[in-house]
Amino acid sequence: MKRCLIVVDYQVDFVVGSLGFEKALSLDNRIAKKIEAYRTSGDDVIFTLDTHGLNYLETYEGRHLPVAHCINGTDGHNLFGMVGKAKKRSDRVFCKNTFGSDDLYAYLRKTEYSSIEFVGVVTNICVIANAILAKTAQPETDIIVDASCVASNDEKLNKAALQVLSLIHISEPTR
């Protein structure tokens, strides 16, 4: 049975754009290497893309986080750096207009994996939301979040999110 790597929202706006932060930039090489390792093993790589329209600031999220970001069709919506170059045309991509992806959840309900690993940004928002959806979709599957390949703009929230994930049996990869 295949393993799956899910790269969460590693987009220009979260790395160097309107919501960018230094720690996100430091993940590029590590995530790209992990993508390559999964490909070498014949495993699946999936991407999520935070995706908003021009009316973002009028949405519920936009009223609570009034920073336009990941607007569909802009450079900020694109995958960043080496991670963007590592994406293949055949990779599954889930665009989502909120923190968790209902389409990813539906896909995982019908596609069994031996393990599902998460990398990307932001740990305490979109990574945690999608990891919980994966655990809900596949409760008997090992769900992993690699702390060395996720980041938040707030290190305390990053650590807190990882602690919460560990309480629901979402763990670090075994090395």
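The sections below set out a description of the structure shown in this document. (Residues numbered from 1 in each chain as written. Predicted model: local features only at pLDDT ≥ 70, side-chain atom pairs only at ≥ 80, totals over all residues. Heavy atoms only, no water.)

1. Describing a nonpolar patch on the surface
A cluster of nonpolar residues, Ile 132, Leu 167 and Ile 168, forms a patch on the protein surface that exposes about 270 Å² of accessible area. Here Leu 167 shows up in helix α8 (residues 155-167). A relative accessible area of 66% places Leu 167 in the exposed class. (Patch = residues over 30% accessible without salt bridge, like charges linked within 9 Å, V, L, I, M, F, W, Y side chains within 5 Å. Areas by Shrake-Rupley, 256 points an atom, 1.4 Å probe, with all protein chains shown as cover. Salt bridge = Lys/Arg side-chain N within 4 Å of Asp/Glu carboxyl O. Helix = DSSP H or I, 4+ residues; strand = E, 2+ residues; numbered from the N terminus. Buried < 20%, exposed > 50% of the residue type's maximum accessible area, 1.4 Å probe, protein only.)

2. Some words on the layout of surface pockets
As a volume, the largest pocket reaches approximately 220 Å³. In terms of lining, the largest pocket is formed by 15 residues, of which the most central are Phe 14, Leu 19, Leu 65, Val 122 and Ile 125. Take the lining of the largest pocket: its biggest share by element is three residues, from helix α7 (residues 123-137). (1 Å grid on protein atoms, 1.4 Å probe; cavity = no way out; pocket = protein on both sides within 12 Å on 5 of 7 lines; lining within 4 Å. Points joined across faces, edges and corners; volume = space filled by probe spheres on them.)

3. Digging into the pattern of salt bridges
Inspection of every chain in the model, using the stated rule, returns eight salt bridges. Residue Asp 44 pairs with Lys 2 through a salt bridge whose shortest N-O separation is 3.1 Å. With Asp 44 in strand β2 (residues 44-50) and Lys 2 in the segment before β1 (3-8), the pair connects residues that are 42 residues apart, well separated along the chain. Lys 2 gets classed as partly exposed once you look at its relative accessible area, which sits at 40%.

4. Digging into unusual backbone geometry
Here the bond from Val 121 into Val 122 is cis, since omega is -10°, no more than 30 degrees from zero. The residue Asp 9 is not glycine, and still its phi comes out positive at about 50°. With respect to the helices, strands and loops of the structure, Asp 9 is situated in the loop between β1 and α1 (12-15). One non-glycine residue with positive phi stands out, namely His 169, at about 70°. Along the polypeptide, His 169 turns up in the loop between α8 and β6 (170-171).

5. Overview of the sheet that holds β1
Judged by pairing direction, the sheet is parallel, and its six strands sit side by side in the order β3-β2-β1-β4-β5-β6 without closing on themselves. Either end of the sheet is taken by a strand with one partner, and the two such strands are β3 (92-96) and β6. Here six bridges tie β1 to strand β4 (residues 115-121), and the two strands are oriented parallel to one another. Its bridge partner being in β4, Val 7 is matched across the sheet by Val 119. (Pairing = 2+ DSSP bridges.)

6. Considering the packing of helix α6 (residues 102-110) against α7
Helices that pack against each other are described as a pair by the angle of their axes relative to one another and the distance between those axes. Between α6 and α7, whose axes approach to 9 Å, the crossing angle comes to 30°. Judged by the inter-axis angle, α6 sits roughly parallel to α7. Here α6 runs over α7; the crossing is right-handed. Two secondary-structure elements touch here, α6 through Leu 104, Tyr 105, Leu 108 and Arg 109 and α7 through Asn 130, Leu 133, Ala 134, Thr 136 and Ala 137. (Axes fitted to C-alpha atoms, helices over the stretch in contact; angles between N-to-C directions. Parallel < 35°, antiparallel > 145°, perpendicular 65-115°, else oblique. Left-handed = near helix turned anticlockwise from the far one by under 90°. Contact = heavy atoms within 4.5 Å.)

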